[in-house]
Amino acid sequence: MKVWFHKVFNFYLDGFKNMSVSNRKLWVIILIKLFIIFFILKIFFFPDFLGSKYNTDKAKSDYVIEQLINN
Amino acid sequence: MEHFNLALVDWSRAQFALTAIYHWFFVPLTLGLSFIVAFMHTIYYKTGNEKWKQMTKFWMKLFGINFAIGVATGIILEFEFGTNWSNYSWIVGDIFGAPLAIEGLLAFFLESTFIAVMFFGWNRVSKKFHLLSSWFVAFGSNLSALWILIANAWMQNPVGTRFNPDTVRNEMTNFFDIALSPTAVFKFLHTVSQAYVIGALFVVAVSAWYLLKKRHLTFAKKSILIASVFGLTASLFVALTGDSSASNVAQTQPMKLAAMEGLYDGETNASLYALGFLNNEKNNTNFKGIRLRSMLSLLAFRNASAFVPGVNDILNGNKEQGILPAETRMEKGRIAIQSLADYKQAKKEWNIELASQKLQEFEENYPHFGYGYFTDKEAIVPPVKLTFYSFHTMVGLGLFFILFFAWLLYASMKDKVDKYKWILHLSVWSLLLGYIASELGWIVAEVGRQPWTIQDLLPVGISTSHLSVGSVQTTFFMFLVLFTVLLIAEIKIMLTQIIKGPEEGDSHV
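Residues numbered from 1 in each chain as written. Chains lettered and ligands numbered in written order. Predicted model: local features only at pLDDT ≥ 70, side-chain atom pairs only at ≥ 80, totals over all residues. Heavy atoms only, no water.

Residue and element names in this part refer to chain B. Omega for the peptide link from Gln450 to Pro451 comes to 10 degrees, which places this bond in the cis form. In this structure, Pro451 sits in the loop between helix H15 (421-447) and strand E7 (452-454). You will see that His216, though not glycine, has its phi angle at about 45 degrees, which is positive. Within the secondary structure layout, His216 lies in the loop between helix H7 (182-212) and helix H8 (217-252). Under the relative-accessibility criterion, His216 is labelled partly exposed at 28%. (Helix = DSSP H or I, 4+ residues; strand = E, 2+ residues; numbered from the N terminus. Buried < 20%, exposed > 50% of the residue type's maximum accessible area, 1.4 Å probe, protein only.)

Right, dumping it as structure tokens:
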């Protein structure tokens with residue numbers, strides 16, 4: 001098992017090492033994009049609306065039914 | 001509905017549309033190009049010819065650029081569900097949960113695991129396993145699309161579920177009813193086959209550019225041959241599945257079909273408007289152009305004399321055809337909403353008998369639930385002109401692609417493809433037409449079903465969260481900037497690679 005993991009790790013490592021400069025730039029863009037999406041947009045701009053207001057499923061469903069009934 | 005902030009609804013809608021449109025720039029190329037790469041890889045595996053290896057590696061590299069830039073852009077749509085569309089998310093949660101979980105666990109895992117083997121695996125894994133990886137990536141990408149499209153199809157035709165008034169959520173009653181509903185099957189087949197057309201157009205466009213520049217001639221001609229076979233097969237399949245999809249729309253979303261065809265007054269032997277202009281003022285069809293008599297009835301219901309309801313039939317009802325007036329449905333919807341409120345109150349007061357009575361009343365009227373939120377029946381009519389022109393332009397382009405690929409295949413087989421300069425120029429620009437057709441398809445599907453997020457059950461206005469308009473505007477413009485930068489980056493990197501051309505001994509992405 002350990003040998004297998006080692007092989008897989010080396011497979012990826014060699015793959016990344018042998019990349020051309022332009023391809024490395026591409027990976028930099030990907031990492032920046034993922035950072036913006038998951039660590040800036042998700043955390044600061046896209047909170048779970050119901051999750052941030054209510055802790056239980058019961059409270060969430062009570063809120064949503066109010067929305068359905070009173071509009 | 002008046003209690004809802006229309007500006008908020010419109011900005012939330014605009015943000016979702018913007019994100020989806022940008023996301024859809026990346027997806028079809030991934031879906032289409034992955035199969036073309038797998039085909040080329042298979043030919044290399046079978047023949048051992050280094051030229052095919054070079055071709056596989058080149059198109060694989062362009063596939064990789066698109067995949068890398070586009071990956072995770074779809075996740076933003078899921079963020080928006082939780083933030084901007086929380087009521088909707090809660091109500092559909094149990095239905096979306098299963099397909100999206102399968103998508104995340106199975107398809108994405110398959111795709112992301114084998115993509116590394118596909119790119120890094122040259123001379124590092126066995127040829128057979130390497131080829132298998134290319135196919136796994138292609139199938140994995142398409143499998144991802146399957147689950148997303150099943151979820152979308154359920155919103156268009158909510159089957160296989162039961163609304164639980166206690167949890168306020170739709171619960172799955174039969175997974176296969178959802179996954180194998182004709183709406184889901186046709187949507188998936190139509191969407192992915194259209195993506196294959198984009199993949200083929202991309203290969204044709206790049207190769208045609210090489211021919212115009214008199215570079216990599218053999219490579220470009222072989223690529224065009226493969227792409228034209230793939231593109232012709234796919235574009236024929238798009239027409240076939242499009243026909244089935246439209247027939248399904250006729251049965252499940254008659255208002256959408258009426259908007260697609262600009263049909264205000266329903267008729268038997270309904271005509272198909274083939275080419276012309278629509279003037280739909282005062283809710284009357286005023287079409288100037290070529291009509292194909294009985295064709296719409298035939299295509300929609302497989303019967304040339306079938307009645308096809310128009311917008312006015314759905315608004316005002318048609319007793320003869322068994323169509324309820326919108327106002328009756330609005331009344332029934334209000335009864336459903338009131339019964340739901342009374343049911344909750346009766347349960348609170350432990351009045352079991354009344355709760356049971358109200359629940360029955362609610363379930364009887366539930367198919368009309370969403371109509372209860374409207375006070376003006378005109379609100380259930382989608383933007384007709386936009387839907388009509390989007391649909392007809394899409395169909396026109398679809399027919400053009402069939403002829404285009406057929407001609408290209410013929411010219412390729414006669415080895416004459418580089419003799420016609422104008423067709424090479426057209427080939428380069430056809431990629432843009434492919435994207436236009438693809439985005440128009442989504443406009444038909446999504447604008448045509450307005451004002452619903454879940455057909456007949458949940459209007460868009462009730463689906464949104466109570467946020468400030470400013471916060472949605474802020475994220476709208478953030479996305480506009482982010483996605484535009486990503487798109488520019490993709491085009492720039494792609495062009496750099498295309499200009500470099502297919503070279504021997506390229507390193508992998």
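The subject of this paragraph is the pattern of salt bridges. Where side chains of opposite charge bring their charged atoms close, a pairing between them can arise. Residue and element names in this part refer to chain A. Following the criterion strictly, the structure yields 14 salt bridges over all chains and no others. For Lys58, the salt bridge goes to Asp62, with nearest N and O atoms at 2.8 Å. Of the two residues, Lys58 and Asp62 both sit in helix H4 (residues 57-69), four residues apart, roughly one turn of that helix. A relative accessible area of 30% places Asp62 in the partly exposed class. (Salt bridge = Lys/Arg side-chain N within 4 Å of Asp/Glu carboxyl O.)

This part takes up the side chain of B:Thr464. Residues and elements named next belong to chain B. Along the chain, Thr464 turns up in the loop between helix H16 (460-463) and helix H17 (469-500). Under the relative-accessibility criterion, Thr464 is labelled buried at 0%. Side-chain polar atoms of Thr464 contact the backbone oxygen of Gly461, separated by 3.3 Å. (Polar contact = N/O pair within 3.5 Å; in protein donor to acceptor, adjacent residues only side chain to side chain.)

Between chain A and chain B, the residue contacts involve 39 residues of the former and 57 residues of the latter. Buried area between chain A and chain B, both sides added, is near 3900 Å², and the carbon and sulfur share of it is 75%. It is A:Phe11, A:Phe46 and A:Leu68 in chain A that bury the most area against chain B; as a group they hold 19% of the surface buried on that side. Run the count over chain A and chain B and you get one salt bridge. With a closest N to O distance of 3.4 Å, B:Arg124 and A:Asp14 form a salt bridge. Remark: the boundary between chain A and chain B carries eight residue pairs in polar contact (both at pLDDT 80 or more). Of all elements in the fold, only helix H1 (2-17), helix H2 (21-45), helix H3 (49-53) and H4 of chain A reach the threshold of two or more residues within the side of chain A that touches chain B. (Contact = heavy atoms within 4.5 Å. Buried area = accessible area lost by both parts, 1.4 Å probe.)

What follows deals with the nonpolar core. Core analysis: the biggest nonpolar cluster contains 145 residues, and A:Leu68, B:Trp59, B:Phe96 and B:Phe369 have the highest contact counts within it. Not counting residues within four places of it along the chain, the set of residues in contact with B:Phe96 comprises B:Phe81, B:Tyr88, B:Ala151, B:Trp154 and B:Met155. In terms of nonpolar packing, the next biggest core, distinct from the first, is built from 33 residues, B:Ala246, B:Val249, B:Tyr264 and B:Val311 among them. (Core = buried A, V, L, I, M, F, W, Y, C linked by side-chain atoms within 4.5 Å.)

This is a description of form; function is not addressed.
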